[in-house]
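Tertiary structure, described
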Amino acid sequence: MANVPAWMQAGLWGLVAGGALLLGAAVGYWVKVPARVVASIMAFGSGVLISALSFELMDEAYRTGGFDATALGFLGGAAVYSLANWLLAHHGAKHRKRSCGLQPSEAQHGGSGSAIAVGALLDGIPEAIVIGLSMLGGGKVSVVAVSAIFLSNLPEGLSSAAGMKKAGRGARYVFGIWGAIALASGAAALAGYTLFEGASPNMVAATTAVAAGAILAMLADTMIPEAFEEAHDFAGLVTVVGFLAAFALSKLGA
């Protein structure tokens, strides 16, 4: 991508990472994957994201803007995400990443389809913005960030799509959601680069930390419960393996 403008690269990388949601959804919708396998993959993806936000996002935010901007952004991102997630949970989107039949149908909870769609968008946007932010300064994308988001999006799409199918939602709804979010991921990564190009280091650091806080809150509220409920015997070990994989990737790319 040497001859491709940086802003376009940001959008393309966001699209690649978001495309993993669509790929995972295809597997979850068309292939009967055992719940324990889905949960184990979810645990691995959770470990990958925890490692990435620890060693890539938070560390970079601290180096760029110091502790104050990083801490405020981190707490702010978690607070905003948690409030939005709480509101969506009361409209039927609490179990949007669950594959084991906990997602309500539209008949069981009117408006839950729209809430699940908004919730899926809420989960994906902070991750995509990080991709654009990672390109500020040097113009090169963080391979670790893209890889971590891609690896975590696969099980996320897989589990959620399987749950949507069990709730009676059709292929048009399922793939319409994940296709739209893949496109939104590209747009969010593009925005992360173009809107903050030339911004102060403190602003970039705070925004990176906001995204990190939202991602960690998302993991605790949605992905980790699915992982530990269905694969509780080995979920901790699989999460550690995912963490180690992303950690090794960050050191190899250093």
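Conventions we followed
Residues numbered from 1 in each chain as written. Predicted model: local features only at pLDDT ≥ 70, side-chain atom pairs only at ≥ 80, totals over all residues. Heavy atoms only, no water. Helix = DSSP H or I, 4+ residues; strand = E, 2+ residues; numbered from the N terminus. Contact = heavy atoms within 4.5 Å. Axes fitted to C-alpha atoms, helices over the stretch in contact; angles between N-to-C directions. Parallel < 35°, antiparallel > 145°, perpendicular 65-115°, else oblique. Left-handed = near helix turned anticlockwise from the far one by under 90°. Salt bridge = Lys/Arg side-chain N within 4 Å of Asp/Glu carboxyl O. Buried < 20%, exposed > 50% of the residue type's maximum accessible area, 1.4 Å probe, protein only. Nonpolar A, V, L, I, M, F, W, Y, C, P; charged D, E, K, R; others polar. Patch = residues over 30% accessible without salt bridge, like charges linked within 9 Å, V, L, I, M, F, W, Y side chains within 5 Å. Areas by Shrake-Rupley, 256 points an atom, 1.4 Å probe, with all protein chains shown as cover. Polar contact = N/O pair within 3.5 Å; in protein donor to acceptor, adjacent residues only side chain to side chain. UniProt positions renumbered as here; feature names shortened; annotations may be inferred. Core = buried A, V, L, I, M, F, W, Y, C linked by side-chain atoms within 4.5 Å.

This next bit is on the side chain of Glu127. With respect to the secondary-structure elements, Glu127 resides in helix H3 (residues 112-134). Other than its neighbours up to four places away in sequence, Glu127 contacts Leu49, Ile149, Ser152, Asn153, Glu156, Ile215 and Met218.

Here we take up the packing of helix H4 (residues 143-166) against helix H5 (residues 171-194). Direction vectors running N to C along H4 and H5 enclose 155°, while the axes themselves pass 10 Å from each other. Here H5 runs roughly antiparallel to H4, going by the angle between their axes. Judged by the twist between their axes, the crossing of H4 over H5 is right-handed. On H5, the residues that touch Gly157, Ser160, Ala161 and Met164 of H4 are Tyr173, Val174, Ile177 and Trp178.

Attention shifts here to the pattern of salt bridges. Pairing between side chains of opposite charge can happen when their charged atoms approach one another. On inspection of all chains with the given rule, the structure shows two salt bridges. Among the salt bridges present, the one from Arg63 reaches Asp59, with a minimum N-O distance of 2.4 Å. One end of the pair is Arg63 and the other is Asp59, both in helix H2 (residues 35-93) and four residues apart, which spans about a single turn. A relative accessible area of 55% places Arg63 in the exposed class. Linking Glu60 and Arg63 is a salt bridge whose minimum nitrogen-to-oxygen distance equals 2.5 Å. You can see Glu60 and its partner Arg63 sitting in helix H2, three residues apart, about one turn around the helix. Residue Glu60 is classed as partly exposed on the basis of its relative accessible area, which comes to 36%. The network of salt bridges with common partners includes Asp59, Glu60 and Arg63.

Contact pair helix H1 (residues 6-30) / H4: the axes reach a minimum separation of 6 Å and the direction vectors enclose 35°. As for the relative orientation of H1 and H4, their crossing is right-handed in sense. Contacts between H1 and H4 pair Trp13, Val16, Ala17, Gly18, Ala20, Leu21, Leu23, Gly24, Ala25, Val27, Gly28 and Tyr29 from the former with Val146, Ile149, Phe150, Asn153, Leu154, Glu156, Gly157, Leu158, Ala161, Ala162 and Lys165 from the latter. Tallied by class, the residues present in the contact of H1 with H4 amount to 16 nonpolar, five polar and two charged.

A separate point is a nonpolar patch on the surface. Taken together, the side chains of Trp7, Met8, Leu12, Leu15 and Leu183 define a hydrophobic patch exposed on the protein surface, amounting to about 460 Å² of accessible area. With four residues, H1 is the single largest residue contributor to the nonpolar patch. By the secondary structure assignment, Leu15 is in helix H1. Since its relative accessible area comes to 34%, Leu15 is described here as partly exposed.

Let us look at the environment of Asp221. In this structure, Asp221 sits in helix H6 (residues 201-230). Residues Asp221 and Ser82, 139 residues apart in the sequence, show an inter-C-alpha distance of 8.1 Å. Those residues in contact with Asp221 that lie beyond four places of it in its chain are Tyr81, Ser82 and Asn85. At 3.5 Å, the side chain of Asp221 and the side chain of Asn85 are in polar contact.

This paragraph deals with the UniProt feature "transmembrane region" (unreviewed entry) in the chain. Mapped onto this structure's residue numbering, the UniProt feature "transmembrane region" (unreviewed entry) falls at residues 12-31, 37-57, 69-89, 128-152, 173-196, 202-222 and 234-253. Segment residues 12-31 splits into 95% helix and 0% strand. End C-alpha atoms: 28 Å apart. This span, residues 173-196, is 92% helix and 0% strand, and a straight line between its end C-alpha atoms measures 34 Å.

Counting residues in each nonpolar core, the largest one holds 31 residues, and the members touching the most others are Ile131 and Ile215. Of all the secondary-structure elements, those providing two or more residues to this core are H1, H2, H3, H4, H5 and H6. Beyond its immediate sequence surroundings of up to four residues, Ile131 is in contact with Ala10, Trp13, Gly14, Ala17, Val141, Val146, Ile149 and Ala189. Judged by nonpolar contacts, the second largest core, of ten residues, contains Ala25, Ala120, Ala161 and Ile177.

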